[in-house]
Number of protein chains: 2
Amino acid sequence: MGVSLRDVAARAGVSVKTVSNVVNGSAPVSPHTREKVRRALAELGYRPNLSARSLRRGRTGVVALVLPGLDDPYFAELARLVTEAAAEHGWTVLIDQTGGRADRERQVLRGAGAQLADGLLLCPVTVGRRELADRTDATPLVLLGERVPGGTVPQVAVDDRRAAYEATGHLLSLGRTRVGVIGARGPRGPGAARRRLAGHRQALRDAGLPQDARLVPPTGTYRRAEGAAVLRRLLELDEPPQAVVCFDDLLALGALRAALSAGLRVPRDLALAGFGDIEDGRYSTPTLTTVSPDKAALARSAVALLAARIDGAPGGSGDSGAPAVVAGHRLLVRESTVGVAAAAGPDPVVPPQSSGAQSPGAQSSGSSTGAISS
Amino acid sequence: MGVSLRDVAARAGVSVKTVSNVVNGSAPVSPHTREKVRRALAELGYRPNLSARSLRRGRTGVVALVLPGLDDPYFAELARLVTEAAAEHGWTVLIDQTGGRADRERQVLRGAGAQLADGLLLCPVTVGRRELADRTDATPLVLLGERVPGGTVPQVAVDDRRAAYEATGHLLSLGRTRVGVIGARGPRGPGAARRRLAGHRQALRDAGLPQDARLVPPTGTYRRAEGAAVLRRLLELDEPPQAVVCFDDLLALGALRAALSAGLRVPRDLALAGFGDIEDGRYSTPTLTTVSPDKAALARSAVALLAARIDGAPGGSGDSGAPAVVAGHRLLVRESTVGVAAAAGPDPVVPPQSSGAQSPGAQSSGSSTGAISS
């Protein structure tokens, strides 16, 4: 701490401007002078000290993105997109992983880990209306990917209910009447899972089909291993499902592997659909039918809402009428539900950079904006 | 800024200790008092201000992990492990993504983005001896996953040359004499890729086989799409390879999809091996033979080296004789090289939490510590 460019300039016998040119690479400096400056910097242990400067004006230029875990490719991709959107506001993003644990999420709401952040983007798993109402920390907060009713915190999410309705509707349209669900989390689980389950059930009702609770086994973590384990349980039923909608691509990819290991042909014996459109599912064999949220729009909207909150910044949890943005989504129909011939031409591999782009032959539906159905 | 617990206590008409209990959840507080404190916190816009406290003692409690991108599951997993290892030192990890770009990596070496960090962990793609020698920023630095000769910066990596030697040796042991490479990056690419190529060539030499440059096409990014594109090029050769070693699992998974799309049977027509042991390759069909670096050891060693550098902290780039740690690795033999029957029993799916654990039936080799071969 405390070594200034002036100190370095004095030590090196050059101007402050020259030191600045070396440190910031802002203008060319002769090799001889450069080496003198470099030596002075090293001897004095110089470090740029923007943090103190930022603190003087009450901002650090850092926002925290709090999510369950970077191991999930969906959140890793979202983190990249948030980082890019935040960079346009001049922010650095600090990523904090909760493991989806309630105690860690509550700590975050109390301000732990936010000491250095101008604002918080939280992808919650356990946080609900009560936790938000109890919040004491005044750091500006935006919820990303989850909807908590009550209007106290700005939030951006896709229309989970409608998306699941479309996914199950697609499976029903293929003539599969016994449709299982992997990813139901029970009443204390995340609201997104509950809304997806409601959409699934609505699709069954609208098709005049019965609800069979055995086809909706409880699911723990959203990991490949859990998807494989729950699928094996479904296959042990007297009447196993003809199709399964998974509320996460990792669950679907685990289920796919377990189905293939069990000797099933996918989609002929079992059709599988996921949620999230991670790159993995564009390269699996078969490729994975999935709900593709507009992740870039999720990231951009969340950052824009946070910027507005930081600039306007009236208190934390006291105000009401906070904005709720609905990002669009599409159902990408691929081989895991319709087979190779129907899904695509000779090469079903999709270039990876076009996040949200459709496979050749994929069908799209439901890019919605407006109120979230509940 | 500037609202203290004392201010909040005065406003709420309670003791500072009571405010602290509410803010930190350190002791129970009656609902009535809790609500008074909560209202005072919201009205005053209180935020915990550990950053100023940290700066006074010259530490922020934050270390920066700089890596190419979180989109790569290998780096996402490494980021989680580094975050866990850092938490044991009481550090928060700020993650900065370079996209593998030389200009971004140089900015990091100049101290950009390190304003808030007590130290830097860098997973470099382009940084070499020259960039490290030119470094002006004195923030403690450790290289993770790359080896730069010269002894100026502490570093931890696996023995890339030996690992590639073993992977190619495994393919040769299956009777495949035409072995292609996906992931060669040319002389300006990362040193890890050059060392893997050297290991591959050594294995061919030791088996008395010729080097065929057509089997080693240049590879750009380490992404699934690139693996698929390069494999298609290899299949157009008059004499296509019988096996391919990929210097990254994403390349291998892209190549796998392209091979299956082209109607090849894997491993019968083409055996494929990767590098990195990402979870994806434990659930692909076929599962992926891969070099599994001891990622937990990489993370722990890197954090320990950084802790030593921060505590001891003599200058930045001036000192020499910095430690170089070699983390272990294993070759995990799975279905993509030996088929279903040879690779595993009835269920080849591996539980996901056991990072680095072997598949049933997988063979292990080469967990090395000691000097890095060069």
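Numbers given for residues are sequential positions, taken from 1 along each chain in its written order. The lettering of chains begins at A and the numbering of ligands begins at 1, in the order of writing. Note on the predicted model: pLDDT of at least 70 is required for a residue's local features to be given, and 80 or more for side-chain atom pairs to be given and counted; whole-chain, interface and lining totals, by contrast, use all residues. Heavy atoms from the whole structure form the basis of all side-chain values; hydrogens and water molecules are not counted.

Visitor: Whenever I open this one, the overall build of chain A confuses me. Can you help?
Guide: Going along the chain from the N terminus, every DSSP run of H or I of four or more residues is numbered as a helix, and every run of E of two or more is numbered as a strand. If you tally the helices and strands in chain A, you get 14 helices and 11 strands. Residues classed as buried in chain A amount to 59% of the 374 residues present. Sequence separation of at least 24 residues holds for 72% of the intrachain contacts in chain A that already meet a minimum separation of 6. Residue-level accessible areas treat just the shown protein chains as cover; the underlying method is Shrake-Rupley with a 1.4 Å probe. Of the roughly 14,400 Å² of accessible surface on chain A, 51% is carried by carbon and sulfur atoms. Think of it in three bands: with a 1.4 Å probe and only protein chains considered, a residue is buried below 20% of the maximum accessible area for its type, exposed above 50%, and partly exposed in between. By definition in these notes, contact holds between two residues if any of their heavy atoms fall within 4.5 Å.

Visitor: I keep staring at the environment of Arg334(B) and nothing clicks. Help me out?
Guide: Residue and element names in this part refer to chain B. With respect to the helices and strands, the residue Arg 334 is situated in the loop between strand 11 (329-332) and helix 14 (335-343). Residue Arg 334 is classed as buried on the basis of its relative accessible area of 3%. Between the C-alpha atom of Arg 334 and that of Gly 281, which follows or precedes it by 53 residues, the distance is 9.4 Å. A distance of 3.0 Å separates a polar atom in the side chain of Arg 334 from a polar atom in the side chain of Asp 277. Pairs of N or O atoms are called polar contacts if they sit within 3.5 Å, as long as, within protein, a hydrogen donor faces a hydrogen acceptor (for residues adjacent in sequence, only side-chain-to-side-chain pairs).

Visitor: Quick question: what am I supposed to make of the packing of aromatic side chains here?
Guide: Aromatic ring pairs are reported here in terms of the distance separating the ring centres and the angle at which the planes meet. Residue and element names in this part refer to chain A. Side-chain rings of Phe, Tyr and Trp, where Trp is taken by its six-membered ring, are said to pair if the distance between their centres is within 6.5 Å; with planes under 30 degrees apart they count as stacked, over 60 as edge-to-face, and otherwise as tilted. Taken as a whole, this structure holds four aromatic pairs over all chains when the rule is applied. Ring centres of Phe 247 and Phe 275 lie 6.5 Å apart, and the angle between their planes is 85 degrees; on these two criteria the pair is classed as edge-to-face. Of the two residues, Phe 247 sits in the loop between strand 7 (243-246) and helix 11 (249-261) while Phe 275 sits in strand 8 (residues 271-275), which places them 28 residues apart along the sequence. Taken as a pair, Phe 247 and Phe 275 share a single burial class, namely buried. If you follow Arg 185 out to its NZ or CZ, it ends over the ring of Tyr 222, 5.1 Å from the centre. The rule is short: NZ of Lys or CZ of Arg within 6 Å of the ring centre and within 35 degrees of the ring normal puts a charge over the ring.

Visitor: Would you mind going over the sheet that holds strand 7 of chain A with me for this structure?
Guide: Residue and element names in this part refer to chain A. Ordered in space as 6-7-8-9-11, the five strands form an open sheet in which the pairing is mixed. What marks the edges here is a single partner per strand, and that holds for strand 6 (179-182) and strand 11 (329-332). This sheet shows a mean twist of 15 degrees between the axes of neighbouring strands, independent of strand direction. Between any two strands, pairing holds if DSSP finds at least two bridges. The pairing of strand 9 (residues 289-293) with strand 11 spans four bridges and is classified as antiparallel. Following the sheet pairing, Ser 292 is matched in strand 11 by Arg 330. Every axis corresponds to a line fitted to the C-alpha atoms, with the helix fit spanning only the stretch in contact, and the corresponding angles, defined between N-to-C directions, vary from 0 to 180 degrees. Strands in contact with helix 10 (residues 224-235) are strand 6 and strand 7; relative to strand 6, the strand with the most contacts, it is inclined by about 150 degrees.

Visitor: What am I meant to see in unusual backbone geometry here?
Guide: Trans is the prevailing form of peptide bonds, just as negative phi is the prevailing case for residues other than glycine. Of the consecutive residues Val266(B) and Pro267(B), the connecting peptide bond is found in the cis state with omega at 10 degrees. With respect to the helices and strands, Pro267(B) occurs in the loop between helix 11 (249-261) and strand 8 (271-275). A positive phi angle is found at Asp277(A), which is not glycine, with a value near 55 degrees. Among the secondary structure elements, Asp277(A) is positioned in the loop between strand 8 and helix 12 (280-283).

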